[in-house]
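Residues per chain, in single letters:
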Amino acid sequence: MNRCTNRERAAVKSVVVDLNAQYIKFIKALFPNARIIIDRFHIVQLVGRALGNARISLMKNMNDCHCREYKILKAHWRLFHKDSADLEAARSVYLRGVNEYMTQQNALDLIVKNHPQFEKVYDAYQDVSNALKGKSERLIAVLENYRRSGQNMDTVISTLKNNMAAVLNSVEYDFSNGPVEGINRRIKSLKRSCFGFRNLDNFRKRIALIRS
């Protein structure tokens, strides 16, 4: 940041970051007038990880690994991360792993209706994901009305509430650090595919070609 003057840093209006607490701390010091925006992708990723942990924990607590519920949790985990409005509720399909015909909605209901604690986590994931598509008032209501489940989702919701202003900015503004994340990913792939670079200038030239 030595390349930027205090005046230039003070003119920065917005900074998009993930939920790393250390980033938020030094951004406030470096860009005193910038609004901090949490990238929506990282919010969904965070609640999705909590949902995945709850699913795995539920599987581990099941005594019968051959039962229908266990097979649904293991083989069709994507159903739980899918938008509830997009679940097929009318047409039965053959679920591999479960070896039965049923609708996606029936398969999901078989889990959430029989496991109330997991249902709380699932509902929280759906509520947060859908609230990010709406207005800030909706997201505030979701976070404030969350019912504790005794699982990782409790920590996730507390983290979001502790960073409420930055989280709400993710709803109010369309900014994203997706393009930067994409470039970083391509640079890492370049390093792996080339097994490193002896000459740093050559590495920089290859990065310039990625960005062009």
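What counts, and where the lines are drawn
Residues numbered from 1 in each chain as written. Predicted model: local features only at pLDDT ≥ 70, side-chain atom pairs only at ≥ 80, totals over all residues. Heavy atoms only, no water. Helix = DSSP H or I, 4+ residues; strand = E, 2+ residues; numbered from the N terminus. Rg over C-alpha atoms; globule rule 2.2 N^0.38 Å. Buried < 20%, exposed > 50% of the residue type's maximum accessible area, 1.4 Å probe, protein only. Areas by Shrake-Rupley, 256 points an atom, 1.4 Å probe, with all protein chains shown as cover. Lys, Arg positive; Asp, Glu negative; His and termini not counted. Charge placed at Lys NZ, Arg CZ, Asp CG, Glu CD. Axes fitted to C-alpha atoms, helices over the stretch in contact; angles between N-to-C directions. Parallel < 35°, antiparallel > 145°, perpendicular 65-115°, else oblique. Left-handed = near helix turned anticlockwise from the far one by under 90°. Contact = heavy atoms within 4.5 Å. Pairing = 2+ DSSP bridges. Right-handed = clockwise from strand over helix to strand, strands pointing away. Core = buried A, V, L, I, M, F, W, Y, C linked by side-chain atoms within 4.5 Å. Salt bridge = Lys/Arg side-chain N within 4 Å of Asp/Glu carboxyl O. Patch = residues over 30% accessible without salt bridge, like charges linked within 9 Å, V, L, I, M, F, W, Y side chains within 5 Å. Phe/Tyr/Trp six-rings, centres within 6.5 Å; stacked < 30°, edge-to-face > 60°.

Where do I start with the overall build of the protein chain in this structure?
Broken down by element type, the protein chain carries twelve helices and four strands. A globule of 212 residues ought to have a C-alpha radius of gyration of about 17 Å, yet the protein chain, at 22 Å, is considerably larger. Each principal axis of the C-alpha atoms in the protein chain carries an extent, and together these give about 60 × 45 × 30 Å. Burial status across the protein chain gives 37% buried among its 212 residues. For the protein chain, the computed accessible surface area is about 13600 Å², with 49% contributed by carbon and sulfur atoms. Here the protein chain holds 36 positive side-chain charges and 20 negative ones, and the gap between their average locations is 10 Å.

When you look at the packing of helix α4 (residues 68-75) against helix α6 (residues 104-112) in this model, what are you seeing that I'm missing?
When two helices pack together, their arrangement is given by the angle between their axes and by how far apart the axes lie. It is the contact of α4 with α6, at a shortest axis distance of 10 Å, that shows an interaxial angle of 115°. The angle between α4 and α6 places the two elements in the roughly perpendicular class. When the axes of α4 and α6 are compared, the crossing they make is left-handed. In contact with R68, E69, I72 and L73 of α4, α6 contributes A107, L110 and I111.

Explain the pairing of strand β1 (residues 14-17) to me, please; I cannot follow it from the model alone.
A regular strand carries its side chains on alternate faces of the sheet. The alternating pattern of β1 places V15 and V17 on a buried face, while none of S14 and V16, on the opposite face, is buried. Relative to strand β2 (residues 35-38), β1 runs parallel, the two sharing four bridges. The residue bridging V16 from the neighbouring strand is I37, located in β2. Each parallel crossover has a hand, and the one from β1 via helix α2 (residues 21-30) to β2 is right-handed.

Is there a simple way to think about the nonpolar core in this case?
If you look at soluble globular proteins, the nonpolar side chains tend to sit buried side by side. If you look at the biggest cluster of nonpolar residues, it comprises 52 residues, and the most contacted ones within it are F80, F118, M153 and L160. Not counting residues within four places of it along the chain, the set of residues in contact with M153 comprises V47, A50, L51, V121, A124, Y125 and Y146. Core analysis: the second largest hydrophobic core is formed by five residues, L190, F203, I207 and I210 among them.

Which parts of the structure should I look at to understand the pattern of salt bridges?
If the charged atoms of two oppositely charged side chains come close together, the side chains can form a pair. Tallying each qualifying case throughout the model produces five salt bridges. The salt bridge involving E119 is made with K113; its shortest N-O contact spans 3.7 Å. Judged by its relative accessible area of 22%, E119 is partly exposed. Judged by relative accessible area, K113 falls into the exposed class, the value being 55%. For the salt bridge of D201 with R204, the shortest nitrogen-to-oxygen distance reads 3.8 Å. In this pair, D201 and R204 both sit in helix α12 (residues 200-211), three residues apart, roughly one turn of the helix.

Help me out: how do you make sense of a positive patch on the surface in this one?
Taken together, the side chains of R185, K188, K191 and R192 present a region of like positive charge at the surface. Looking at the secondary structure, you find R185 in helix α11 (residues 178-194).

Explanation requested: the environment of N61 in the structure shown.
As for its position among the elements, N61 is in the loop between α3 (40-60) and α4. Here N61 falls in the exposed class, since its relative accessible area comes to 60%. Sequence separation between N61 and E88 is 27 residues; the distance between their C-alpha atoms is 28 Å.

Sorry, what's going on with unusual backbone geometry here?
Across residues other than glycine, the phi torsion is negative in most instances, and most of the peptide bonds are trans. Its identity as a non-glycine residue notwithstanding, N99 has a phi of 60°, on the positive side. Mapped onto the fold, N99 is located in the loop between β3 (93-95) and β4 (100-102).

Hey, could you run me through the side chain of H42 in this one?
Mapped onto the elements, H42 comes out in helix α3. Filtering out sequence-adjacent residues up to four positions away, H42 remains in contact with V17, D18, N177 and E181.

What's the story with the packing of aromatic side chains in this structure? I'm lost.
Both the distance between ring centres and the angle between the ring planes are used here to describe each pair of aromatic rings. The full count for this structure, using the stated rule, is four aromatic pairs. Each ring, one from Y23 and one from F26, has its centre 5.9 Å from the other, and the planes form 75°; the classification is edge-to-face. On the criterion of helical spacing, the pair formed by Y23 and F26 is a turn pair, its members being three residues apart in helix α2.

How should I be thinking about the packing of helix α7 (residues 116-131) against helix α8 (residues 136-144) in this particular structure?
Two elements in contact, α7 and α8, have axes separated by 9 Å at closest approach and are oriented at 160°. If you check the angle between α7 and α8, you find them roughly antiparallel. In this structure, α7 crosses over α8, and the sense of that crossing is left-handed. Facing α7, whose interface residues are D127, V128, N130 and A131, α8 presents R138, L139, V142 and L143.

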